[in-house]
Amino acid sequence: MFQDRLQALLVPALQAAFKQLFNHELDGRSVGFQQTRPEFEGDVTINVFPYLKISGKGPEQTAQALGEYLVANVEVVERFNVVKGFLNIVISDAYWLGFLKEAGSKDILALPSNGKKVMVEYASPNTNKPLHLGHLRNIFLGWSVSRILEAAGNEVIKVQVINDRGIHICKSMVAWQKFGNGSTPASTDLKGDKFVGKYYVEFDKAYKKEIDALIATGKSKEEAEKEAPILLEAQEMLRKWEANDPDVRALWEKMNGWVYDGFEKTYARAGVSFDKNYYESQTYVLGKGDVLKGMESGVFYEKDGAIWVDNTKEGLDEKVLLRRDGTSVYMTQDIGTAIKRFEEFPGLSKLIYTVGNEQDYHFKVLFIILKKLGFAWADELFHLSYGMVDLPSGKMKSREGTVVDADDLIQEVVDTARAVTTELGKLDDFNDEEKTVLFEMIGLAALKYFLLKVDPKKRMLFDPAASIDLQGHTGPFIQYTYARVQSLLRKAGTMDVWQHEHLSGTALQPEERAVLKLLHQLPGVLNEASAKLDPSALANHTYELVKAYNGFYQSVPVLKEEHAAKREFRLELSSCVAASVKKAMWCLGIEVPERM
RNA sequence: GACCCCGUAGCUCAGCUGGAUAGAGCAGCAGCCUUCUAAGCUGCCGGUCGUUGGUUCGAAUCCAACCGGGGUCGCCA
C-alpha cells in the first residue's frame, strides 16, 4: 500500500536518526505520523513531544535535528519546517509523480488476495411483511461490507436467512383464507410481499375486533388476547404446519412464493443479491443435537427439565437452550446453523452477521456458547451490529403506520432524481431508456450514500428531505465529479503516454498535491474499512477526495493547459481519480454514470 | 433495578489507537458561468465537544461519577 510504502521509507530513517543523534534504539511501531494541518507547509507531520525524554532537548531543537537528518538522508524528503513540537515534512514532487505513475496503470483499490473465505449474512427478512427502511440500512451495509472485503482480497459468500416459518406467516395465511376470496397478487396487481403483508394487517384488525368483542362479554384483556378465535386458528395452522399437513404446507408454499417474488424485485432494484439462501423452515431443527452433545460433555446443565447454559462467569446470565418439552429456542437453531455453515464451507475463516444492535446480547451469548462447545472458529464470528434508523417523528412503529416502505422510498428518491435532473436540462441527447437508467442510478446513489456515510454502529436519523438531496456531501455529488472527469477524458481524445520526466522543474500545484495525497491514502482507508467492517470510512474519504478534485478542477486548467506534459499529467491525475472513485463507489454498491 | 450503546455548530454527521487556533454538509448571508459539466467553486456566519472531577507536558479523544436519550435483560422470535 502506498501509505505504508511512504512510511517504510521514513521509519527506518527515523530509527537511524535516533541512533545517530540520540544514541537510542527507536521502536518503529511507536512512530506516529499525522496529516499536516492545511495551514502549514508539509505532507506528513511528526509530533516530537513523546521523544523529548530521549533527545534530552527542547521540542524545537529535537524537531530541527530530526528534520535536518531526514533531508540529508532520505531522498523523498524535500524540506521541513518546525512549528512548536511539530516537524512538518515536505515530500518531493518526484515521489508524488512516481506514485501517480504507478497508480495510473492499475486499480489501487484491488488489494492482493489473502486466500480467506468470509461469509456475510444480511437482510434476513420475515415473510409476513414487506421490507422497510431498517432493512435497507441492513441490506446496503451487508452488501457494501461484502464488496469491501472482496476488494480487500477475500473470497466472500453472501447469504440470508429467510424467516419463512412461524406464527407470523400463519396469521397471513389464516387471514387470506378468510378474507382473500381467492385473490392473488396477479389478480390484484399487488407486489407479492405487499399482498401477503396486507393479510397480516387484516389478521391484526380482525384479531383486535375479536378481542374487543370478548372484553365486552366480560373477559379480561389477557383472557381475550389468548382466546380470540382467529388467533386459535393461526395457532392451529402452525401445529398443522409442523405436522406436515399437506394443505397447510401447500398454502404456505404458495404464499411464501408470492413473498419471495416481491423480495426479489426489491433486491434487484436495490442492486443486491445472495449466493445462498437459508430458510428457517429448514434450519430450525438444527442445533438440538449439538446442545445435547454439550449436555453430555458437561458444557451445559439440566434444571427443571430444561437445558441451560451458565454464562455468569462471563458477566452474563443463564440461558435456556432446550425447553422442558425438548423443543428449541431461537438460540438453539443459531448454534446449529453456525455449525452447519462451517461444515458446508470447510475453508471458511470468518462469519459476519449483519443484524441490528438490539440483538447485541443474543450474539454475545451465541459466540460464547460456540466457544464453550470447543469450536476454534468461534473466535472468527462477528456481529456487525448497526444502529436503528429513526425518523424525524421518532421511532418507526408498524402499529402507528410510521414504517417507511422500502419500495416506496426507492421510488421516491428516483422520482426526485428525475425531477432535479430534468430541471437541470443536461439530457438533450439521452433517449428514454438511458434516462431511466440514469435516474435509477442517481436516486439509489443518494439513498445508499445517505445510509452508508454514517458509522454503522450509531443510531441515525433518516431525514427524507436530506436523503434525496443531490448536493453537498451526497452520492450524486460524487457521481457528478466522476461524470465531469469522463467528459474531460472524452474531450481529450486519445491520451499521449504521460512522461513525468518532462515535468521536472515544474512544481506541483497545491491543488494537485492535495488530490494526490488523498488518492495516496485511499488504499489504506479501504484496508481500514475492511478491518473495521465500516463502509462509512470509505464513503467519507471518497467524499474528501472528490471535494479536493473539484477544487483542483475549478482552479487548475487541464485541457486548456498549454504545457503538454502538464496537460497529460493532469489528465492522468483526473483519470486515476475517476477510476478510484468508481471502484470506491463499487465498494459501496453505488454505480457511477458516464454523463449526468 | 442490572448491563450495553450514544450525547461535537440551528439541523445531520466527521474527528475518538491522547497532540497544533475542533472539521464537513445542510440551513442563512455575500460573491463566481462569452472559459474543460455551476449537481460545482470561493468567502462569511455559527461550537462551555452533555456536566463535574481525575490521569497527562497535553483530553472532544482515556478513567470515574452524574444528567439526558436509546437498547437489552422470556422455557418469545
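Residues numbered from 1 in each chain as written. Chains lettered and ligands numbered in written order. Predicted model: local features only at pLDDT ≥ 70, side-chain atom pairs only at ≥ 80, totals over all residues. Heavy atoms only, no water.

**Q** Kindly report on the overall build of chain A, identifying the contributing residues and their values.
**A** The secondary structure content of chain A amounts to 22 helices and 14 strands. For the C-alpha atoms alone, the extent of chain A along its principal axes is close to 90 × 65 × 45 Å. In chain A, 74% of the contacts between residues at least 6 apart in sequence involve partners at least 24 apart. Positive and negative side-chain charges in chain A, numbering 73 and 83 respectively, have mean positions lying 2 Å apart. (Helix = DSSP H or I, 4+ residues; strand = E, 2+ residues; numbered from the N terminus. Contact = heavy atoms within 4.5 Å. Lys, Arg positive; Asp, Glu negative; His and termini not counted. Charge placed at Lys NZ, Arg CZ, Asp CG, Glu CD.)

**Q** Describe helix H6 (residues 167–179), naming the residues involved and giving the relevant values.
**A** For H6, with 13 residues, the first-to-last C-alpha span of 18 Å sits near the 18 Å given by 1.5 Å per residue. Along H6, the residues classified as buried are His168, Ile169, Cys170, Lys171, Ser172, Met173, Val174, Ala175 and Trp176. In this structure, the buried residues of H6 make contact with helix H8 (192–216), helix H10 (229–242) and helix H11 (246–270). Note on H6: the residue one or two positions beyond its end, Asn181, has a positive phi of about 50 degrees. (Expected span 1.5 Å × (residues − 1). Buried < 20%, exposed > 50% of the residue type's maximum accessible area, 1.4 Å probe, protein only.)

**Q** Can you tell me about the nonpolar core, naming the residues and giving the values?
**A** What tends to happen in soluble globular proteins is that the nonpolar side chains get buried as a cluster. Membership of the largest hydrophobic core comes to 156 residues, with the highest contact counts inside it found for Leu14, Leu447, Leu451, Phe462 and Leu538. Sequence-distant contacts of Phe462, that is, excluding residues within four places in its chain, are made with Leu133, Val389, Asp390, Leu391, Pro392, Leu409, Leu447, Phe450, Leu451 and Ser467. Ranked by size, the runner-up nonpolar core spans 33 residues in total, among them Ile307, Leu322, Ala338 and Phe342. (Core = buried A, V, L, I, M, F, W, Y, C linked by side-chain atoms within 4.5 Å.)

**Q** Requested: an account of the domain arrangement of chain A, with residues and values cited.
**A** In many analyses, interface size is given as the accessible surface area lost on bringing the parts together. For chain A, the domain assignment lists domain 1 (2–91), domain 2 (166–273) and domain 3 (406–588). For domain 1 versus domain 2, the separation of C-alpha centres amounts to 68 Å. (Domains from an automatic or database assignment.)

**Q** Any details on the protein's contact with RNA strand B? Residues and values, ideally.
**A** Near RNA strand B there are 59 residues, and of these Lys426, Arg459, Tyr480, Arg484 and Lys491 occur at the shortest range. Sugar and phosphate atoms form 57% of the subset of RNA strand B atoms that lie within 4 Å of the protein. A distance of 3.1 Å separates a phosphate oxygen of RNA strand B from a polar atom in the side chain of Lys395. Within the backbone of Met596, an N or O atom sits 2.8 Å from a base nitrogen of RNA strand B. Elements with a contribution of two residues or more to the surface near RNA strand B: strand E2 (44–47), strand E4 (86–91), strand E9 (306–310), helix H16 (406–424), strand E14 (460–461), helix H19 (475–492) and helix H21 (535–555). The biggest single contributor to the surface near RNA strand B is H19, with seven residues. In the surface near RNA strand B, the residues fall into 28 nonpolar, 10 polar and 21 charged. (Near = heavy atom within 4 Å. Polar contact = N/O pair within 3.5 Å; in protein donor to acceptor, adjacent residues only side chain to side chain. Nonpolar A, V, L, I, M, F, W, Y, C, P; charged D, E, K, R; others polar.)

**Q** Go over the pattern of salt bridges with me, naming the residues and quoting the values.
**A** Under the criterion given, the structure shown has 37 salt bridges. Here Glu102 and Lys106 are joined by a salt bridge, their closest N and O atoms 3.8 Å apart. Between Asp107 and Lys583 there is a salt bridge, and its shortest N-O distance comes to 2.7 Å. Pair noted here: Asp107 is in the loop between helix H4 (93–103) and strand E5 (117–121) and Lys583 is in helix H22 (residues 564–588), with a separation of 476 residues, a long-range link. (Salt bridge = Lys/Arg side-chain N within 4 Å of Asp/Glu carboxyl O.)

**Q** Go over unusual backbone geometry, please, and point to the residues and values.
**A** Only a minority of non-glycine residues have a phi that is not negative, and only a minority of peptide bonds are not trans. Phi angles above zero are rare outside glycine, and Asp189 is one such case at about 60 degrees. Positive phi, normally seen in glycine, also occurs at Leu533, with a value near 50 degrees. Relative to the assigned elements, Leu533 resides in the loop between helix H20 (510–532) and H21. With relative accessibility at 4%, the residue Leu533 sits in the buried group.

**Q** Explain the sheet that holds E4 to me, using residue names and the numbers behind them.
**A** Backbone-to-backbone hydrogen bonds join strands into a sheet, with any given pair of strands oriented parallel or antiparallel. Reading across the sheet, the four strands line up as E1-E2-E4-E3 and stay open at both edges, with antiparallel pairing between neighbours. The strands lining the two open edges of the sheet, one partner per strand, are strand E1 (33–35) and strand E3 (77–83). Across this sheet, the average inter-strand angle for adjacent strands is 35 degrees, counted without regard to direction. Judged from the four bridges that link them, E2 and E4 form a sheet pairing that is antiparallel. By the bridge assignment for E4, Asn47 is matched with Phe86. Contacting E3 and E4, helix H3 (residues 59–73) runs over the sheet at an angle of about 175 degrees to E3. (Pairing = 2+ DSSP bridges. Axes fitted to C-alpha atoms, helices over the stretch in contact; angles between N-to-C directions.)

**Q** Can you explain the side chain of Ser467? Please cite residues and give values.
**A** Relative to the elements of secondary structure, Ser467 occurs in helix H18 (residues 464–467). At 2.8 Å, the side chain of Ser467 and the backbone oxygen of Pro464 are in polar contact. Look past the residues within four positions of Ser467 in its chain and what remains in contact with it is Val413, Ala446, Leu447, Phe450 and Phe462.

**Q** Could you give an account of the pairing of E4, naming the residues involved and the relevant values?
**A** The buried fraction of E4 amounts to five of the six residues, a majority that puts the element mostly inside the structure. The hairpin formed by E3 and E4 contains two residues between the paired strands, and Lys84 there has a positive phi angle of roughly 50 degrees.

**Q** Could you give me a rundown of the packing of aromatic side chains, with the residues and numbers involved?
**A** When we look at a pair of aromatic rings, we describe it by the centre distance and by the angle of the planes. Under the criterion given, the structure shown has 22 aromatic pairs. With a centroid separation of 5.2 Å and 85 degrees between ring planes, the pair formed by Phe195 and Trp258 is classed as edge-to-face. Of the two residues, Phe195 is situated in helix H8 and Trp258 in helix H11; the sequence distance between them amounts to 63 residues. Like Phe195, the residue Trp258 is buried in the burial classification. Three or more aromatic residues joined by ring pairs make a cluster, and in this case those are Tyr122, Phe263, Tyr267 and Phe274. For the cation-ring pair, Lys583 lies above Trp586, with the distance from its terminal atom to the ring centre recorded as 5.7 Å. (Phe/Tyr/Trp six-rings, centres within 6.5 Å; stacked < 30°, edge-to-face > 60°. Lys NZ or Arg CZ within 6 Å of the ring centre and 35° of its normal.)

**Q** I'd like a description of helix H14 (residues 330–344), backed by residues and values.
**A** Its 15 residues give H14 an end-to-end C-alpha distance of 21 Å, which sits within 8% of 21 Å, the value for a rise of 1.5 Å per residue. Counting buried residues along H14, 11 of its 15 residues qualify, which places the element largely inside the surrounding structure. All buried positions along H14 are accounted for by Met331, Thr332, Gln333, Asp334, Ile335, Gly336, Thr337, Ala338, Ile339, Arg341 and Phe342.

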